[in-house]
Amino acid sequence: MKSVFASALIALISLVTVAHADTLDDIRKAGKVRIAIDTAIPPFGMTDDKMQPAGSDIDTAQLLAKDLGVQLEIVTTTGPTRIPILQTSKADLVVSTLSITPDRAKVIDFSIPYADHPSVVGALKGMTLSSYADLAGKKVAVVRGTTQDTDLTREAKGAQLVRYEDDATMALAFASGQVDILATARSLLPAISKKNPARIAESQITMQTNYLAIGMRKNEPALKAWVDNWVKTNLQNGKLGAIYKKWHGVDIPVDQLLKVGG
């Protein structure tokens, strides 16, 4: 009797697992895909002069939804909440400057990368920084929970890290003179500098080059296969490259991204 009960329990768990692991089917049945995007990190995500979402992550999500044949529902997120929103099933995917890291890969799955994303330590124009050692005793702004936060915590032991909840708040802190040094994506420096033309942020130290990918919950083989194929197809046909060039003014290294993605 115990063995029969155990077998039935295992079968039930398997059925639940299979049901849970078919998000792609759920998306198609619902007719919409919920994608988490941070709309406060231009030019990746922002609101335009008509108060509508805009940016490279927005365009990427819109293209994905169109190719999937469903409506797009944007789930607003921030750097620290991107993964929790995914884990609690408040979103189906994350397209929000999400870099592939070993720690994140333990709790979520990633698509193959769709863009590269160099991280830098930027500083007020006129300052000179050449290594992490130069940050000792200095205030350095960073967004909590980002790869830049992790890297600075590990490498810049003498720095005084000032953590902010999102890029927009950090950018305002730099523009207002609360901080003169910040760690962020190189592509965000022009937008940060526009906040106050008298305070230009210049790249000083290259921390690392990360790769951006689409995040999803683990154990979603059908969804992962579809998204991987979608990224590969749109890298090869140039559509993802055109989106990045439109918003960032630079080309993405397609061959390198495909190589990293295997």
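Since the structure is predicted, the reported quantities are computational estimates derived from the model, not experimental observations.

This paragraph deals with the packing of aromatic side chains. For any pair of aromatic rings, the description rests on two quantities: the centre-to-centre distance and the angle between the ring planes. By the definition in use, this model includes zero aromatic pairs. Looking at Arg-199, its charged tip hangs above the ring of Phe-174, at a distance of 5.0 Å from the centre.

Attention now moves to the pattern of salt bridges. Between side chains of opposite charge, pairing is possible as soon as their charged atoms come close. Summed over all chains, the structure comprises 13 salt bridges. A salt bridge links Arg-154 to Glu-155; the shortest N-O distance between them is 3.0 Å. Exposure remark for Arg-154: the relative accessible area of 44% places this residue in the partly exposed category.

This part takes up the packing of helix α2 (residues 23-30) against helix α9 (residues 221-236). In the contact formed by α2 and α9, the axes pass within 6 Å of each other and the chain directions differ by 75°. Relative to α9, the element α2 lies roughly perpendicular. On α9, the residues touching Thr-23, Leu-24, Ile-27 and Arg-28 of α2 are Ala-222, Leu-223 and Trp-226.

Before going further, it helps to spend a moment on unusual backbone geometry. The amide bond that connects Pro-42 to the next residue, Pro-43, takes the cis arrangement and shows omega of 5°. Counting through the fold element by element, Pro-43 comes out in the loop between β1 (32-37) and β2 (46-47). Even without a glycine there, the phi angle at Thr-97 is positive, about 40°. Within the element layout of this structure, Thr-97 appears in the loop between β5 (93-94) and α5 (102-105).

This part takes up the side chain of Ser-96. By the element assignment, Ser-96 lies in the loop between β5 and α5. One polar contact links the side chain of Ser-96 to the main-chain amide nitrogen of Asp-38, over a distance of 3.0 Å. Residues in contact with Ser-96, not counting those within four places in the same chain, are Ala-36, Ile-37, Asp-38, Asp-57, Thr-77, Arg-82 and Tyr-114.

With 16 residues, α9 ought to run about 22 Å at 1.5 Å a step, and its terminal C-alpha atoms sit 22 Å apart, in line with that. Among all positions in α9, only Leu-223, Trp-226, Val-227, Asp-228, Trp-230, Val-231, Asn-234 and Leu-235 are buried. At the exit of α9 stands Gly-238, carrying a positive phi of roughly 90°.

With that out of the way, let us pick up the environment of Leu-240. On the secondary structure map, Leu-240 appears in helix α10 (residues 239-248). For the pair Leu-240 and Gly-158, spaced 82 residues apart in the sequence, the C-alpha separation amounts to 40 Å. In contact with Leu-240, not counting residues within four places along its chain, are Thr-60, Tyr-114, Trp-230, Val-231, Asn-234, Leu-235 and Ile-252.

Thresholds applied
Note that residues are indexed from 1 along each chain, following the sequence as it is written. It should be noted that, the model being predicted, local features are given only for residues of pLDDT at least 70 and side-chain atom pairs only at 80 or more, the latter also being counted only at that level, while totals for whole chains, interfaces and linings use all residues. Each side-chain value is derived from all of the structure's non-hydrogen atoms; neither hydrogens nor water enter the calculation. Aromatic pairs are defined between Phe, Tyr and Trp rings, using the six-membered ring for Trp, whenever the two ring centres lie within 6.5 Å; interplanar angles under 30 degrees are classed as stacked, those over 60 as edge-to-face, and all others as tilted. When the NZ atom of lysine or the CZ atom of arginine is within 6 Å of a ring's centre and also within 35 degrees of its normal, the charge is said to sit over that ring. Salt-bridge detection follows one rule: a side-chain nitrogen of Lys or Arg within 4 Å of a carboxyl oxygen of Asp or Glu. Only protein chains enter the accessibility calculation, which uses a 1.4 Å probe; a residue whose area is less than 20% of its type maximum is buried, one above 50% is exposed, and one in between is partly exposed. Only the contacting stretch of a helix is used when fitting its axis, a line to C-alpha atoms as for every element, and angles between N-to-C directions run 0 to 180 degrees. Every helix listed is a DSSP run of H or I at least four residues long, and every strand listed is a run of E at least two residues long, numbered separately from the N terminus. Oblique is the label for any angle not covered by the other classes, which are roughly parallel (under 35 degrees), roughly antiparallel (over 145) and roughly perpendicular (65 to 115). Only heavy atoms matter for contacts: two residues are in contact if any of them lie within 4.5 Å across the pair. Under the rule applied, a polar contact is a pair of N or O atoms within 3.5 Å (in protein, one hydrogen donor and one hydrogen acceptor; residues adjacent in sequence only if both atoms are side-chain atoms). Helix span, expected: 1.5 Å multiplied by one less than the number of residues in the helix.

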